Amino acid sequence: MRKFLLILLLSVSFSAIYGQPETLKVMQYNLLNYGNNTGYCNTTNNNIDDKNGYIRTILTAYYPDILTVCEMGKTNSLPNNFLSNNLNINGINYWMTSAGANTNNSYLTNCIFYNSTKLTLTGHHTAQTYTRDIDVYDFKFKNDDSGQIMLTCVIAHLKAGTGSDNEGKRKIMAENTMNYLETNYREKNVLIMGDFNIYTSSEPAYQAFTNQSAYPNSYFIDPLYPYGVGNWNNNATYEEYHTQSTHRNNDSDCHSSGGMDDRFDFILMSENIYGGRDKIHYVGGSYNALGNDGQHFNQSINNPTNNAVSQDVANALFNNSDHIPVTIELVVYNNLDVNELTTNTLSYDIFPNPATKELNVRFYQNNFGKANILLFNMLGQIVYSDDVFVDDSLSEVVISLENIAKGLYFLKITNADGLTSTNKIIVE
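Residues numbered from 1 in each chain as written. Predicted model: local features only at pLDDT ≥ 70, side-chain atom pairs only at ≥ 80, totals over all residues. Heavy atoms only, no water.

Student: Now, about the environment of G380: what can you tell me, with residues and values included?
Tutor: One can find G380 in the loop between strand 17 (369–376) and strand 18 (382–390). We classify G380 as partly exposed; its relative accessible area is 47%. Taking the C-alpha atoms as reference, G380 lies 9.0 Å from Y409; in sequence the two are 29 residues apart. (Helix = DSSP H or I, 4+ residues; strand = E, 2+ residues; numbered from the N terminus. Buried < 20%, exposed > 50% of the residue type's maximum accessible area, 1.4 Å probe, protein only.)

Student: Give me the lowdown on the environment of T356, citing residues and values where you can.
Tutor: Mapped onto the elements of the fold, T356 is located in the loop between strand 15 (346–351) and strand 16 (358–365). With near-sequence residues (within four places) excluded, T356 lies in contact with L401, V427 and E428. (Contact = heavy atoms within 4.5 Å.)

Student: Explain the packing of aromatic side chains to me, and be specific about the residues and the numbers.
Tutor: Where two aromatic rings form a pair, the distance of their centres and the angle of their planes describe that pair. Summed over the entire model, instances satisfying the criterion amount to 13 aromatic pairs. One residue, K25, lies across the ring of Y62, its end atom 4.4 Å from the ring centre. The lysine or arginine in question, R263, covers the ring of W232, its NZ or CZ lying 5.3 Å from the ring centre. (Phe/Tyr/Trp six-rings, centres within 6.5 Å; stacked < 30°, edge-to-face > 60°. Lys NZ or Arg CZ within 6 Å of the ring centre and 35° of its normal.)

Student: If you had to explain the packing of helix 2 (residues 48–59) against helix 7 (residues 311–320) to someone new, which residues and values would you point to?
Tutor: Two elements in contact, helix 2 and helix 7, have axes separated by 8 Å at closest approach and are oriented at 140°. Put simply, helix 2 runs oblique to helix 7. Crossing handedness for the pair helix 2 and helix 7: left-handed. Between helix 2, through K51, Y54, I55, T57 and I58, and helix 7, the contact on the second element is made entirely by D312, V313, A316, L317, N319 and N320. Its residues assigned to classes, the contact of helix 2 with helix 7 comprises six nonpolar, three polar and two charged. (Axes fitted to C-alpha atoms, helices over the stretch in contact; angles between N-to-C directions. Parallel < 35°, antiparallel > 145°, perpendicular 65-115°, else oblique. Left-handed = near helix turned anticlockwise from the far one by under 90°. Nonpolar A, V, L, I, M, F, W, Y, C, P; charged D, E, K, R; others polar.)

Student: Describe the sheet that holds strand 9 (residues 190–195), with residues and values.
Tutor: With mixed pairing, six strands are arranged side by side in an open sheet as 6-7-8-9-11-10. Two strands close off the open sheet at either side, each with one partner strand: strand 6 (119–128) and strand 10 (220–221). In this fold helix 4 (residues 164–184) packs onto strand 6, strand 7 (134–141), strand 8 (150–157), strand 9 and strand 10, with an angle of close to 125° to the strand it touches most, strand 6. (Pairing = 2+ DSSP bridges.)

Shown next as structure tokens:
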């Protein structure tokens, strides 16, 4: 299976110089009418006690520090029900929650759960209320000596459905949100996540979220670019990025059917996080659609087997929702001065890996300078060497593999400040 886009962070080098960074794990999940009886999703085929059991099983595969959810019923007691049954269990009591504002009075709301040993919730706002609320949650880090490291999570459940009318409504919701963020969250550490119900990257809503020209201070970067970006609807080319639907057949009336064939669920990040500009950085390769092994296009997530998670987890994903969660990891450098971070960071994407004809290395760093690239084999023999100039935006180098034999190699990159990172590369 092709691997997700890697953004390699020089965490080993940073740790040696600045101390051990803190990891923050993030999960976004559409719970499918949690505690909400619609008639077709009811206490028989979507029972909340059963769902809690499935959710506990799913969390054994990935235990986050921040869990954002869509499709929480609007009953006030439901967030605490979720908290006490799924997170604050087995002697754990540090999880906290904050429900969405639900100014729109929708029967489905957003909600956030967070590890209070790492995070303090400092604010909750509503970015827009058209069709459904889009919620904005502000956090600061408890282990931050400066008290200045902030993270904002935006949860969006966009209008579902095909056709130009629904696309237009998603566009309005996205543009309302981006206008709000451009005004209030310029050049901040922001994640936007949720069930976007977007069928292709050419949709206006996706274009709004990622539009650098229209929103130069708040636009979002898709960590799956370029391989996960395109016309992913019912397209096997994108099978490893699909997040919906877990059911092939309409066997419960509650879950949508058709098998895994859409990328509806997202976590996008601001340029600040992508480039590590303000003490928070995305961990390369950590973006994952939990339970998607790339082998279930138009099939149920648990049939016949699943190579990404245990069968128990695959069954829980199948039974709980018609979506699967998406996850990422961040690193937080608590004691690193922002000027030092800006000067010393060098991050880069490597794709594809495994590779056949060529290997792409896309650089992103906040200063100008040279980067040395070495590719060497298992015997330590250098098979490729180059010095490239990296500016303060995106720079890309393409390494031809035409004359390089199949096998395992190591790619070593050294930036102008002497920081290095080495990663395994497979040539097929």
